[in-house]
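# A closer look at the structure
Next come the chains, spelled out residue by residue.
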Number of protein chains: 4
Amino acid sequence: MVIIMEVNANDLQIKNVIEQIHLKGLKPHISTGEERTIIGVIGDDRKLQEANFKTLPGVENVFRILKPYKLVSREFKRDSTIIHINGVSIGNGHRVVIAGPCAVESGEQILKSAQIVKSYGANILRGGAFKPRTNPYTFQGLGIDGLKLLQKAKQETGLPIVTEVLEASDVELVSEYADILQIGTRNMQNYQLLKAAGRIRKPILLKRGMSATLQEFLMSAEYILSEGNQQVILCERGIRTFVEYTRNTLDLNIVPVIKKLSHLPVIVDPSHGTGRTDIIIPMSLASLAAGADGLMVEVHPEPEKSVSDADQTLSPAQFGELMEKTKKLINIFN
Amino acid sequence: MVIIMEVNANDLQIKNVIEQIHLKGLKPHISTGEERTIIGVIGDDRKLQEANFKTLPGVENVFRILKPYKLVSREFKRDSTIIHINGVSIGNGHRVVIAGPCAVESGEQILKSAQIVKSYGANILRGGAFKPRTNPYTFQGLGIDGLKLLQKAKQETGLPIVTEVLEASDVELVSEYADILQIGTRNMQNYQLLKAAGRIRKPILLKRGMSATLQEFLMSAEYILSEGNQQVILCERGIRTFVEYTRNTLDLNIVPVIKKLSHLPVIVDPSHGTGRTDIIIPMSLASLAAGADGLMVEVHPEPEKSVSDADQTLSPAQFGELMEKTKKLINIFN
Amino acid sequence: MVIIMEVNANDLQIKNVIEQIHLKGLKPHISTGEERTIIGVIGDDRKLQEANFKTLPGVENVFRILKPYKLVSREFKRDSTIIHINGVSIGNGHRVVIAGPCAVESGEQILKSAQIVKSYGANILRGGAFKPRTNPYTFQGLGIDGLKLLQKAKQETGLPIVTEVLEASDVELVSEYADILQIGTRNMQNYQLLKAAGRIRKPILLKRGMSATLQEFLMSAEYILSEGNQQVILCERGIRTFVEYTRNTLDLNIVPVIKKLSHLPVIVDPSHGTGRTDIIIPMSLASLAAGADGLMVEVHPEPEKSVSDADQTLSPAQFGELMEKTKKLINIFN
Amino acid sequence: MVIIMEVNANDLQIKNVIEQIHLKGLKPHISTGEERTIIGVIGDDRKLQEANFKTLPGVENVFRILKPYKLVSREFKRDSTIIHINGVSIGNGHRVVIAGPCAVESGEQILKSAQIVKSYGANILRGGAFKPRTNPYTFQGLGIDGLKLLQKAKQETGLPIVTEVLEASDVELVSEYADILQIGTRNMQNYQLLKAAGRIRKPILLKRGMSATLQEFLMSAEYILSEGNQQVILCERGIRTFVEYTRNTLDLNIVPVIKKLSHLPVIVDPSHGTGRTDIIIPMSLASLAAGADGLMVEVHPEPEKSVSDADQTLSPAQFGELMEKTKKLINIFN
């Protein structure tokens, strides 16, 4: 942390800042310039809060140099993390396609979906059993029955399963059925859920919050890692901006930026990220070109009958087109 | 719902849309124009999803006329809701000031805070026992001990207590101590928590999510009301925008807009909304002038020693100034 | 400027940074810590660009301490600027209401508007003769004829006139008719226009760009002052955010923040800022409570017949209500 | 336009709406439902304003069906526009790379830059002679001298030139030197400049405004086309959002969306769009994968000495890497 004193800060104010640094068990490094004094903090300042120094009299500004996250950073672990799930690998050049319907609706629907996903060569099946719905009067998911239907689809096709968990007390239950547990965008800062997810030993797919900064996103992953679970897949899924022609603004810029800062794999969800079936294919290709380790897309045997997200779901034919183009693109990286 | 067909939509496509409406148990109203056909849906279309119609062939656009919320709306209940807590009333011209530290830190700190709050004439004490922190390595609150310290402060001063609850399984516990349960911005769409809050019979202070639309905010309140708890206080606390001179962008515009649409009381939190001590007073006055039913502000006996949010916390003297100006302003409305 | 070197920066990299500072005619101040070296720049670093240092090898981060604006700052001029126009004063406690139609449509319309504005006690008449329209096929304003009609309305009522100028080559012409020249939101960074406005000796009303940061807004004012025109009125008029219930998000937070940093008067335009007639009155009161030096609102004899902005224009009766409440509120500040 | 009347709208209110439609020379189509009346407007409603109907008594909402732009739309011209400049083609599968320094600094610098651009196989040279700078005290460009230096670089290398024009009165002058005239992000809604650009017969590169909606962007292009100049290249260059890890948020989603709506070519500027040298390459590849017709990137012989935008400028070696990867990617589309 670097504390910039005001031009006219007096000795008492400078002494007070120094004292506060000592009180936190850290060491100050004073640099007296012609115009102003700058005080550096020596030692691990992760526990300090800028705010406590900004409010001291005579302080003009406070800059943090150390990042507040540690376990998720490339400084802590230089090599890219690879996550292995039933023979599927994600990360460090291993790219995956996760696909399936928004929600598990029936045994027939999820099985058909799984067969489509498998037949076109995708790697993992997605499907929601517990659904976080904005509207209390709409379909909230099949719950445990949905988990069981996913399990059957897995048995039939061999595809690993990713499904969402909504609260800490459900983590154990969902982890009995799922190969990857998804924490959704609305729960990215549900810290009780993150901690519970950190205590199991299955991979967690953590979706970025709708207005999460990069640091908040990585700090939420840090919660999971700090509890002992190192298997986190980050997922960009669009942010809230003024833009109205897409449901969210898919922010692909975060992909190469995370790659620099963190060793964790990053995938992209262009279905939620755009909310528009008609641009999922180009935005999927763009995601991979930006360096993403995979895609998560919605596909449904009959999109127009989907109980949710019908306007961002691919038909089987569209999904086939996506997979074909995806393979072509991935080839040039190898 | 109004479904606008494309200019060149054919009869089969129109028939298909009509069939889909019938399948949902509703009635279509067809209007054949010179250029295009417009199909209205007659009946309660709250359960329909625009997406299911937008994806049908030949459909250009779908507009919803009915709002998806009901219990929170002024159409459902014309008179403004007044919430009564131990002799304090909120709503319909009854304005309150809720104040206290960000977090309960110690018995002495919360008691001193309560005395300050009371001495300047504010109505309700705030203080966090369970803290949702971005950083897993920082202070997470005193938990149950914090709740007990709040209870003591209440016994000494008579001030009702508002404190945050972080997960569904804690709702019962927190409601034993708190007069009002706060659901924080990061949990505005934690639907399990909203449902649990809907099953108790204490007022809920629901903070707007950082990037929540008006409809999402009201739908989250609807979750609580739909479970039987009618006592919800809405709280604007700033949104995420490109602006960098305030921590969040306090969006006062939502206050008069909610007043038109909903009967629920609305308060404003300029501490979190701006993140800047130096503009809390003018923004508090602006909040009341915009029509808010109250304020929630952070005050601490010694702000620079606050374990969190030091840069948005008023000192006792600043709080005194706020209360004096607030009273002057409220007078002109009465 | 403070340059933070990386932990493992070597001597050559440090020397290079020092050399670059000397090359720009400034002096470095080196502070060698245990972990890293921090280099301060002594002297007026306004001409330096952070980017040139950020890209040097071994540099981790660069912070600017001096603000890039000077003439508009309170450090340069401590006392609040008061602008005088034909007996009307703006700034430092002198509050004004500027009102009138969006566009000058006819002699009758602008004269009627002026009479309404005057009869309710507002101070200045607004009306557009040159209109910046998103749509090339809609009404673009009456041009010089509009300016002449404004002049007549001024002669009849004695109200000073504010009207928009769209390009540098029109500044002379418009300044012959107008008492205050408005530079609109779309032109806030039209630097040719700003410079031309800086060369005349009439007050300039500068509207904030739709996505302007505070610094960009003040730098645009600096352009005008740096050319010799000290009479600038800043105007907040709403920013672009994800919010959809108001046309723009009126950002009142900027009002008290500008008051701290700049001596220039600040007014608020809740008509464009919200785009909703039904909340103009509460947001006007909130603007004044936040510390604004005045309001600019749209009023039209028959809003529903207005050629533009009909949904954000007050009727004469609504304007009367606004003026009455405004006076009540202003009284408590005096 | 479709006008939805309120449930309890009375006959007088309905009559009034119908009258207003007739007054504008259009025909109403009334559809009387069980619950409410819906009135369609028959004919070209581009000249109507929603606002004039929204404010009529008894009207609940107004939806526009026709888009306000015409000449830029695919409905008007189905085939993708191809723009030809000195043997270089842009659009409909013809992809280009435009590269060069932010600003023309000297004859040597621009010539060296042009040689680098040419040697790696890019198609067009960029360089600013007139610079729109936020700060009045920084370098504002070499002006006409800069144009002459660009001309020399063109003579030496054969590369066509794109350079920015800042005001309407300079359009003639700049078009004598430039092969493509650039209208910058701050001027996207400088309608005088757009009209002047529409009156010449050279291609215009129109950059998206920092917070421009899709419709505003296309309407600005419509201004140019409506004056007779059909050669417009649209350029996405990042938008303003809450995100802080990139200077702007490059919004690639707009690329496939524009492709659906408009026949005009679309390119992407990842230099300004991200402001970060270290992610320009992946974001360039992503742009092309999303369907862009080309790239515009900043390259400088010695980026750290660049007078502007040093932190978003590629070095010659980085540019070489970009061009190599770009060619590989483009190949799979052909």
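### Concerning the overall build of chain A
When you go through chain A residue by residue, the secondary structure sums to eleven helices and 14 strands. For chain A, the C-alpha atoms occupy an extent of roughly 75 × 40 × 40 Å along the three principal directions. In chain A, the proportion of contacts linking residues at least 24 apart, taken out of those at least 6 apart, comes to 65%.

### Digging into the relation of the copies chain D and chain C
Here two copies of a chain appear, and what relates them is a rotation about an axis with a shift along it. Overlaying chain D with chain C gives an RMSD of 0.0 Å, the required rotation being 180° about an axis along which the chain moves by 0.0 Å. Seen this way, the second copy is the image of the first under a two-fold rotation axis. Residue serine 211 of chain D of chain D places its C-alpha closer to the rotation axis than any other residue of that unit, at 3.1 Å. By residue overlap, the copies meet face to face through one surface: 100% of the interface positions of chain D are interface positions in chain C.

### Remarks on the environment of aspartate 269 of chain A
Residues and elements named next belong to chain A. You can see aspartate 269 is positioned in the loop between β13 (266–268) and α9 (270–274). Sequence-wise, aspartate 269 and cysteine 235 are 34 residues apart; in three dimensions their C-alpha atoms are separated by 6.8 Å. Those residues in contact with aspartate 269 that sit more than four places away from it in its chain are Cys235, Arg237 and Met296.

### Focus on the packing of helix α10 (residues 280–289) of chain B against helix α10 (residues 280–289) of chain C
Viewed as axis vectors pointing N to C, α10 of chain B and α10 of chain C meet at an angle of 160°, and their least axial separation amounts to 7 Å. Taken together, the axes of α10 of chain B and α10 of chain C are roughly antiparallel relative to one another. Crossing handedness for the pair α10 of chain B and α10 of chain C: right-handed. Here Leu285, Ala286 and Ala289 of chain B of α10 of chain B lie close against α10 of chain C, whose contacting residues are Leu285, Ala286 and Ala289 of chain C. For the contact of α10 of chain B with α10 of chain C, the residue count by class is six nonpolar, no polar and no charged.

### Thoughts on the interface of chain B and chain A
Note on interface size: it is often stated as the accessible area lost on association of the parts. Every contact between the two is made by 39 residues of chain B and, on the other side, 39 residues of chain A. If you list the elements that add at least two residues to the side of chain B that touches chain A, you get α2 (50–54), α6 (191–198) and α7 (214–226) of chain B. Here the side of chain B that touches chain A gets five residues from one element, more than from any other, and that element is α7 of chain B. A per-class count over the side of chain B that touches chain A returns 14 nonpolar, 14 polar and eleven charged.

### A few points about unusual backbone geometry
Backbone phi values are negative for most residues with the exception of glycine, while trans is the configuration of most peptide bonds. Residue and element names in this part refer to chain D. Even without being glycine, asparagine 86 reaches a positive phi, approximately 45°. Here asparagine 86 is to be found in the loop between β5 (83–85) and β6 (88–90). With phi around 55°, asparagine 92 is a residue other than glycine that occupies positive phi space. In this structure, asparagine 92 sits in the loop between β6 and β7 (96–100).

### Structural notes on the pairing of strand β9 (residues 161–164) of chain A
All names here are of chain A. Side-chain alternation along β9 places Ile161 and Thr163 on one buried face and Val162 and Glu164 on a second face that is also buried. Looking at chain direction, strand β8 (residues 124–126) and β9 are connected through two bridges and run parallel. Bridging from a neighbouring strand, arginine 126 pairs with valine 162 of β9. Judged from the three bridges that link them, β9 and strand β10 (residues 180–183) form a sheet pairing that is parallel. Bridge pairing in β10 links valine 162 to isoleucine 180. In terms of handedness, the path from β9 via helix α5 (residues 171–177) over to β10 forms a crossover that is right-handed.

### A word on the relation of the copies chain B and chain A
Mapping chain B onto chain A leaves a residual RMSD of 0.0 Å; the transformation is a rotation of 180° accompanied by 0.0 Å of translation along its axis. Of the interface residues in chain B, 100% have counterparts in chain A that sit at the interface too, so the contact is made through matching surfaces.

### A word on the interface of chain D and chain C
The interface of chain D with chain C comprises 39 residues on the first partner and 39 residues on the second. Of all the secondary structure elements, the ones that give two or more residues to the side of chain D that touches chain C are α2 (50–54), α6 (191–198) and α7 (214–226) of chain D. Among the elements that make up the side of chain D that touches chain C, the one with the highest residue count is α7 of chain D (five residues).

### Here we look at the sheet that holds strand β2 (residues 27–32) of chain D
Residue and element names in this part refer to chain D. If you walk across this open sheet you meet the four strands as β2-β3-β1-β4, and the pairing is antiparallel. What marks the edges here is a single partner per strand, and that holds for β2 and β4 (59–63). Averaged over all adjacent pairs, the angle separating strand axes in this sheet is 20°, with direction ignored. Pairing of β2 with strand β3 (residues 37–42) involves six bridges; the strand directions are antiparallel. Residue pairing in the sheet places serine 31 in a bridge with isoleucine 38 of β3. Here helix α1 (residues 11–23) sits on the sheet in contact with β1 (2–5), β2, β3 and β4, set at roughly 5° to β3.

### Brief notes about the confidence of the model for chain A
Low pLDDT means the predicted atomic positions in that stretch should not be read closely. Looking at chain A as a whole, the pLDDT averages 92, with 99% of positions reaching at least 70. Across the predicted assembly, pTM comes out at 0.92 and ipTM at 0.91.

### Re the domain arrangement of chain A
On domain assignment, one finds that chain A holds domain 1 (2–63) and domain 2 (83–333). Computed from C-alpha coordinates alone, the two centres of domain 1 of chain A and domain 2 of chain A are separated by 44 Å.

### Here we look at the sheet that holds strand β1 (residues 2–5) of chain B
Residues and elements named next belong to chain B. Pairing is antiparallel across the open sheet formed by four strands, whose spatial order is β2-β3-β1-β4. Unpaired on one side and paired on the other, β2 (27–32) and β4 (59–63) mark the two borders of the sheet. Averaged over neighbouring strand pairs, the angle between their axes works out to 20° when direction is ignored. Across the sheet, helix α1 (residues 11–23) touches β1, β2, β3 (37–42) and β4, and the angle it forms with β3 is around 5°.

### Concerning the packing of helix α11 (residues 316–333) of chain A against helix α11 (residues 316–333) of chain D
Between α11 of chain A and α11 of chain D, whose axes approach to 10 Å, the crossing angle comes to 150°. When the axis of α11 of chain A is compared with that of α11 of chain D, the two are roughly antiparallel. Judged by the twist between their axes, the crossing of α11 of chain A over α11 of chain D is right-handed. Side by side, α11 of chain A and α11 of chain D meet where Lys328, Leu329 and Ile332 of chain A of the first sit next to Lys328, Leu329 and Ile332 of chain D of the second. Grouping the amino acids of the contact of α11 of chain A with α11 of chain D by side-chain chemistry returns four nonpolar, no polar and two charged.

### Some thoughts on helix α3 (residues 107–119) of chain B
The α-helix advances 3.6 residues per turn, and as a result positions three or four apart in sequence lie on the same side. Residues and elements named next belong to chain B. Between its first and last C-alpha, α3 extends 18 Å over 13 residues, near the 18 Å set by a 1.5 Å rise per residue. For α3, the set of buried residues is Gln109, Ile110, Ser113, Ala114, Ile116 and Val117. Along the long axis of α3, the arc covered by the buried residues comes to 160°, so they all point the same way. As for α3, its buried residues are in contact with β7 (96–100), β8 (124–126), α4 (144–157) and α11 (316–333).

### A few points about α1 of chain D
Residue and element names in this part refer to chain D. Taking 1.5 Å of rise per residue, 13 residues should cover 18 Å, and α1 covers 18 Å from first to last C-alpha, within 8% of that figure. Every buried residue of α1 is listed here: Val17, Gln20 and Ile21. Looking straight down α1, one finds its buried side chains confined to an arc of 100°; they lie on one side. For α1, the exposed residues set more than 90 degrees away from the buried face come down to Asp11, Leu12, Lys15, Glu19, His22 and Leu23. After α1 finishes, the residue glycine 25 shows a positive phi value of roughly 80°.

### Describing the environment of arginine 208 of chain C
All names here are of chain C. Residue placement: arginine 208 occurs in the loop between β11 (204–207) and α7 (214–226). Along the backbone, arginine 208 and cysteine 235 are 27 residues apart, and their C-alpha atoms lie at a distance of 6.1 Å. Beyond its immediate sequence surroundings of up to four residues, arginine 208 is in contact with Thr185, Met188, Phe217, Cys235, Glu236 and Arg237.

Procedures and definitions
Residues numbered from 1 in each chain as written. Chains lettered and ligands numbered in written order. Predicted model: local features only at pLDDT ≥ 70, side-chain atom pairs only at ≥ 80, totals over all residues. Helix = DSSP H or I, 4+ residues; strand = E, 2+ residues; numbered from the N terminus. Contact = placed C-beta atoms within 7 Å. Least-squares fit on C-alpha atoms with pLDDT ≥ 70 in both. Axes fitted to C-alpha atoms, helices over the stretch in contact; angles between N-to-C directions. Parallel < 35°, antiparallel > 145°, perpendicular 65-115°, else oblique. Left-handed = near helix turned anticlockwise from the far one by under 90°. Nonpolar A, V, L, I, M, F, W, Y, C, P; charged D, E, K, R; others polar. Buried ≥ 20, exposed ≤ 12 C-beta atoms within 10 Å, placed from the backbone. Pairing = 2+ DSSP bridges. Right-handed = clockwise from strand over helix to strand, strands pointing away. pLDDT = per-residue confidence, 0-100. Domains from an automatic or database assignment. Expected span 1.5 Å × (residues − 1). Arc of directions from axis to C-beta.

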